[in-house]
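Survey of secondary and tertiary structure
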Amino acid sequence: MLSRTASHLYWMARYLERAETTARLLQVGARNGLLPDIGGGYRNDWEAVLQALGQLEPFREKYGDPNQRNIETFLFFDSSNPASVMSCMANARENARVVRTALTSQVWDAINMSFQEMQEFHRTERSKLMLNDMTDWALRAGALIRGAIGGTQLRDDGYRFIGLGYSIERADNTARLLDVKYYVLLPSLSYVGSALDQTQWATLLRSMHAHRAFVWTYKGEITAGKIADLLILNRQFPRSLLSATQDSVDHLEALSRGYKQPSRASSVARGLLGEIAELTVEDVFDEGLHQFLLRFMRRNDQIAAAVQATYLSGVPE
Amino acid sequence: MAQTFNEMVDQGHVREAYRNLEKWQNDMPGDLRAMKQSEAEALFRRVGITFAVYGEGGDPERLIPFDMFPRVFTASEWRKLDRGIRQRAAALNAFLADVYDQREIIRAGRIPEHLVTKNEAFEKAVVGFRPPRNVWSHIVGIDLVRTGPDQFYVLEDNCRTPSGVSYMLQNREIMMRMFPNLFVENRIAPVDGYADTLRKTLASVAPQKCDSDPTVVILTPGQFNSAYYEHSFLADLMGVELVEGQDLFVDGDFCWMRTTEGPKKVDVIYRRIDDAFIDPLCFRPDSMLGVPGLMNVYRSGGVTICSAPGAGVADDKAIYTFVPEMIRFYLGEAPILENVPTWQCAKADDCKYVLENLSELVVKEVHGSGGYGMLVGPKADRATIEAFRAKIEERPSNYIAQPTLALSACPTFVEEGVAPRHVDLRPYCLVGEKIELVPGGLTRVALNEGSLVVNSSQGGGVKDTWVLAE
């Protein structure tokens, strides 16, 4: 497979995953807007959402104060925001278009139709658009595309590069969301364990569509330890750092097998998996959640860099 | 202007080839037609059959209007076209082989030397070079028009990278999907062997140094090119990689592509980029589209480039007038297809005639394309004609002129129902070990009433083209 083709497939998947993350954050931000103000009138949820995407500064420059309407526009439609649903979908679709011969017609169809529908949204008068409809649509489009990939793509190297895009992006997104919770959602450490803290952990769970999973898995009250366990170490939860890393390892090993060639990318990924597979929540808190997450993101980036060097540059290491 | 020949109705009678279609047309209620039309558009949009127009505002991915009314040739009509096209493709290739080698046709005084060697498309870098099987133009697109039951004229030859073949294939797919009954009632020769033939043709011109199954690729300028869809479509149908310049590199005697498993040798490149962009070391140094060093590998027989760099010298509008001469000179045959009578403004007598008759002639720039830089005398106002006169007087050698042909018209679905619209035809002839041609081509139709300009960048549409089986 052409390195460039692999690269387009990989980035297509990364953008698709990112579009979903943004849609989820929008959904959560909007839901929080409906809740009564607890914790002494402090309301920075939208800022936290922007922060999570690394887009707070660009937003302020362009729109000023965060109000819901502006944030919706910024996060959904604004093509100057690289993390907006629109930007991500357009980038995903452009990557797909370039390599459509590497995609089944169902996958191309799902991506292309979603893109056309989004343009339809864009042409619709804003007062007729409900935020929930938009975010629901984005998540549904994401599921449709993932379903088409899972149901129709050959399990060949192309499929593995798509899978890698999803798993590497997903690991990064989960780590970022967790990190944001710790340093942005909480205005000061004195809030830890407070009612505000509780609500915000619940918010985080919702942003991952993990609320029900949490309730079924852990029972009882929401604590930082249980949430960290779910989002970092739980093998059953598909967005946990461990699951995402396991996916990266699986895809990389399948590639090595297919090419009959061991790769550095594969050993880097297995190294990270080995480290976190043996961890306990206590280990994570001993290191410090923030420190741990930074370290994880760096290691995840190393996998991405090794994938780039091994497969996407066209000149093997 | 002479009487327009109607492809369907001749002297009050529906011609045999169109009999079934007449009933089909009459039986189709207006609402069904509208429904089918929007279904066709949705299909085109859905599979992404678009041509890209960047930099003009609006939707950059446009659909070429598709007309559902097919254009039909009988088997015997096609036999003549088929022979004429093969003959022309052979002569054009013989001409190319000759002008980069012995130049016998020039020495015999049949073609003026300056038209060849001073031609912008003449490539000094390949003089004396002999490509595999001595084929220079592997995909020859011959544009034809019809003026009567038996009158066909060649409008121009395209020896470099003629486009549009994806429409020929997709128009057929869409017609078969929407009107399966038409294909039961009519015996229509299939065109879907095109991709297979193209692949075999390209493989058959692999360089001598290639000692295994040749690796064929299509080289595209990338997704912003207007024909990108076609490039990816053909790569997909042939099962070959669609590469950009950045995917290729030269190492040693060969050209390689970057793959996830490391470098892979490339043997045949069907390039869809212009000569000037093939190799920045040899041609335009500012271009990122090509591959540095590729021309060296080409000249030393490490890779085949299709069509060959320099092939454009045969499809120039000034050279065009000499193609019948080439057929007689190289093949010793009488031309089967006629040229449109052409005046060359470079010649004083011709130029004088052209300037005196501007309002009746079509004047074209020698190097123009895409329907631009053209004067359609009978349709032009006085000011336009005078402006063109000044341009011709300033640089006569830049222009040729032809009589306004009464292009045939084919029934076409329009707002008010069915009405005749002017059409032309581009069949695609493949030249490798053999010369091959699928029965069909791309019919372009001028959708505006009375218009003679069928080019897609100027409001033209496309139709399915049928050749009835024997």
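Only a predicted model underlies this, so the values are computations on that prediction, with no experimental measurement involved. (Residues numbered from 1 in each chain as written. Chains lettered and ligands numbered in written order. Predicted model: local features only at pLDDT ≥ 70, side-chain atom pairs only at ≥ 80, totals over all residues. Heavy atoms only, no water.)

Structural notes on the sheet that holds strand 11 (residues 254-259) of chain B
Residue and element names in this part refer to chain B. Ordered in space as 10-11-12, the three strands form an open sheet in which the pairing is antiparallel. The open sheet has two edge strands with one neighbour each: strand 10 (248-251) and strand 12 (262-266). For this sheet, the mean inter-axis angle between neighbouring strands, taken without regard to orientation, is 45°. Here strand 10 runs beside strand 11; their pairing, made up of four bridges, is antiparallel. Bridge pairing in strand 11 links Val250 to Cys255. (Pairing = 2+ DSSP bridges. Helix = DSSP H or I, 4+ residues; strand = E, 2+ residues; numbered from the N terminus. Axes fitted to C-alpha atoms, helices over the stretch in contact; angles between N-to-C directions.)

What about the interface of chain B and chain A?
Size of an interface: often given as the accessible area lost when the parts come together. Contact residues are listed per partner, giving 24 residues for chain B and 26 residues for chain A. Buried area between chain B and chain A, both sides added, is near 2100 Å², and the carbon and sulfur share of it is 46%. Scanning the region where chain B abuts chain A turns up two salt bridges. The partner of Asp247(B) in a salt bridge is Arg4(A), and the shortest N-O contact between them spans 2.6 Å. Taken together, the links from chain B to chain A amount to 10 residue pairs in polar contact (both at pLDDT 80 or more). When residues of the side of chain B that touches chain A are assigned to their parent elements, the largest contribution, four residues, is made by helix 9 (residues 228-238) of chain B. In terms of residue class, the side of chain B that touches chain A is built from eight nonpolar, seven polar and nine charged. (Contact = heavy atoms within 4.5 Å. Buried area = accessible area lost by both parts, 1.4 Å probe. Salt bridge = Lys/Arg side-chain N within 4 Å of Asp/Glu carboxyl O. Polar contact = N/O pair within 3.5 Å; in protein donor to acceptor, adjacent residues only side chain to side chain. Nonpolar A, V, L, I, M, F, W, Y, C, P; charged D, E, K, R; others polar.)

Focus: the confidence of the model for chain A
With 90% of its residues at a pLDDT of at least 70, chain A reaches an overall mean of 87. Predicted confidence in chain A is weakest over helix 9 (residues 195-207) of chain A, with a mean pLDDT of 74, and strongest over helix 12 (residues 241-259) of chain A, with 97. (pLDDT = per-residue confidence, 0-100.)

Focus: the pattern of salt bridges
All names here are of chain B. The tally for this structure, following the rule as stated, stands at 46 salt bridges over all chains. We note a salt bridge from Arg88 to Asp157, for which the minimum N-O separation is 2.7 Å. In this pair, Arg88 sits in helix 3 (residues 75-99) while Asp157 sits in strand 7 (residues 151-158), placing the two residues 69 residues apart along the sequence. Neither residue differs from the other here; Arg88 and Asp157 are each classed as buried. Taken together, the salt bridges that share partners define one network made up of Glu7, Arg15, Arg71, Glu77 and Arg146. (Buried < 20%, exposed > 50% of the residue type's maximum accessible area, 1.4 Å probe, protein only.)

Comments concerning the side chain of Thr220(B)
Residue and element names in this part refer to chain B. Residue placement: Thr220 occurs in the loop between strand 8 (216-219) and helix 9. Polar side-chain contacts of Thr220 include one of 2.8 Å to the side chain of His231. Apart from the residues within four sequence positions on either side, Thr220 is in contact with Tyr228, His231, Leu242, Val243, Glu244, Gly245 and Ile273.

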